[in-house]
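Chain by chain, the residues:
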Amino acid sequence: MTHFADMIDGYRRFRNGGWQQQRERWNELAEGQSPKVMVIACSDSRSEPSQIFDTNPGEIFVVRNVAALVPPFETTPGRHGVSAALEFAVQFLKVEEIVVMGHGMCGGCHAALHRSMAGAEPGRGGFIADWIAMLDGASEEIRAQYPDFDNRDAGRAMEMEAVRVSIANLRTFPCIQEKENRGTLKLRGAFFAISDGVLHVMDEASGEFSPA
């Protein structure tokens, strides 16, 4: 089990090893960033984009949240963290691709499918319930397809459908619509299976996933 004290030890190894070895790269990054790809991933500790894609600092702009979800474009009052990150990546960093990456055994998708947080109070599951409510429609579809939905097939179907929901929600943002129509921005769906270590990529036309 890693605790903060262990992380400090790791920092010291990094500071004396990797940081020293890549001083030129770090000096470049100190002046700014210019990633070409934004990755929206789950907060789950087992699904680390930089490790899965074997990238270095400065190469991907990452946003992580419960179930790797993108809310639809909306201007209602509130704290729009994902929307702010999208705005920054698309309008200021000018990323060329946005990848929504779901993963196997996702707790947020499991809660959406089983409705296990329904009715919970804020601070006791209510914030999670409100967040994953954007998967209510998808959950109904998966439950209809899998009457006995307490199995891995239904779980994976839910996890992949969540990626499709987020891709669809991305297209509700005017700035994304504009850039996608101009051909300067591509949206991609991906799914990483923790159990077998296989990355699946979503076909743009069919919406189906297949191993990369």
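Along each chain, numbering runs from 1 in the same order as the chain's sequence is written. Reporting of local features is limited, given that this is a predicted model, to residues whose pLDDT is at least 70; pairs of side-chain atoms are given and counted only at 80 or more, and all residues count toward the totals for whole chains, interfaces and linings. Here the side-chain values reflect all heavy atoms present in the structure, with hydrogen atoms and water set aside.

How should the overall build of the protein chain be read in this particular structure?
The helix and strand labels rest on DSSP assignments: H or I over at least four residues marks a helix, E over at least two residues marks a strand, and numbering proceeds from the N terminus. A tally of helices and strands in the protein chain yields 10 helices and 6 strands. What the globule rule says is 2.2 Å times the number of residues to the power 0.38, and the radius of gyration is computed from C-alpha atoms. Scaling as 2.2 N^0.38, a compact globule of 212 residues should have a C-alpha radius of gyration of about 17 Å, and the protein chain matches this with 18 Å. Looking at the 212 residues of the protein chain, the share that counts as buried comes to 38%. Throughout, a residue-residue contact means that at least one pair of heavy atoms, one from each residue, lies within 4.5 Å. Counting only contacts in the protein chain whose residues sit at least 6 apart along the sequence, the fraction spanning at least 24 positions is 65%. Only carbon and sulfur atoms are counted for the fraction: they give 51% of the accessible area of the protein chain, which is about 12,400 Å². Remark: exposure states derive from per-residue accessible area (1.4 Å probe, protein chains only) relative to the maximum for the residue type, with buried under 20%, exposed over 50%, and partly exposed in between. Method for areas: the Shrake-Rupley scheme with a 1.4 Å probe, in which residue coverage is limited to the protein chains shown.

Can you help me understand the nonpolar core in this one?
Generally speaking, soluble globular proteins have nonpolar side chains that are buried together. Definition used in this section: a nonpolar core is a set of buried Ala, Val, Leu, Ile, Met, Phe, Trp, Tyr and Cys residues joined via side-chain atoms within 4.5 Å. M38, I40, L86, V95, I98, L170 and I176 are the most contacted members of the largest nonpolar core, which totals 27 residues. Those elements that place two or more of their residues in this core are β1 (37-42), β2 (60-65), α5 (81-92), β3 (97-103), α9 (152-170), α10 (174-182) and β4 (186-193). It is α5 that provides the largest number of residues to this core, a total of 5 residues. Not counting the four nearest positions on each side in its chain, I40 is found in contact with V63, N65, A68, L69, V70, L86, I98, V99, V100, M101 and L170. Residues L69, A138, F149 and V165 belong to the second largest nonpolar core, which totals 19 residues.

Sorry if this is basic, but what is going on with the packing of aromatic side chains here?
Within a pair of aromatic rings, the relevant descriptors are the distance that separates the centres and the angle that separates the planes. By convention, a stacked pair of Phe, Tyr or Trp rings (six-membered ring in the case of Trp) has centres within 6.5 Å and planes under 30 degrees apart, an edge-to-face pair has planes over 60 apart, and any other such pair is tilted. With the rule as written, the count across this model stands at 4 aromatic pairs. Aromatic side chains F61 and F88 sit 5.8 Å apart centroid to centroid with 50° between the ring planes, which places their arrangement in the tilted category. In this pair, F61 is assigned in strand β2 and F88 in helix α5, connecting sequence segments 27 residues apart. Judged by relative accessible area, F61 falls into the buried class, the value being 15%. Relative to F173, the ring of F73 has its centre 5.4 Å away and its plane inclined at 75°; by these criteria the two rings are edge-to-face. Linking F73 in the loop between β2 and α5 with F173 in the loop between α9 and α10, this pair joins segments that are 100 residues apart in sequence. Among the residues examined, F73 registers a relative accessible area of 41% and is labelled partly exposed. Site record: aromatic cluster; members linked through ring pairs are F61, F88 and F92.

What am I meant to see in the sheet that holds strand β5 (residues 198-202) here?
Hydrogen bonds between backbone atoms are what pair the strands of a sheet, whose relative direction is either parallel or antiparallel. Note on pairing: two strands pair once DSSP finds at least 2 bridges between them. Pairing is mixed in the open sheet, where 6 strands are placed in the order β2-β1-β3-β4-β5-β6. One side of each edge strand has no neighbouring strand; the edge strands of this open sheet are β2 and β6 (209-211). The average undirected angle you get between the axes of adjacent strands in this sheet is 25°. Pairing of β1 with β3, which is carried by 5 bridges, proceeds in the parallel orientation. Note that in β3 the partner of V37 across the bridge is E97. Throughout, an axis means a line fitted to C-alpha atoms (over the contacting stretch in the case of helices), and angles, computed between N-to-C directions, take values from 0 to 180 degrees.

Just to check I follow, could you spell out unusual backbone geometry for this structure?
With glycine set apart, most residues show a phi of negative sign, and most peptide bonds adopt trans. The residue D54 is not glycine, and still its phi comes out positive at about 55°. Within the fold, D54 resides in the loop between α4 (49-52) and β2. A relative accessible area of 70% means that D54 is categorised as exposed. One non-glycine residue with positive phi stands out, namely K94, at about 60°. Its place among the elements puts K94 in the loop between α5 and β3.

Can you help me understand the pairing of β3 in this one?
Regular strands place their side chains on alternate faces of the sheet. Most of β3 sits out of view: 6 of its 7 residues are buried. In this structure, β3 lies alongside β4, joined through 7 bridges in parallel fashion. Each bridged residue has a counterpart across the sheet, and for V100 the counterpart in β4 is G189.

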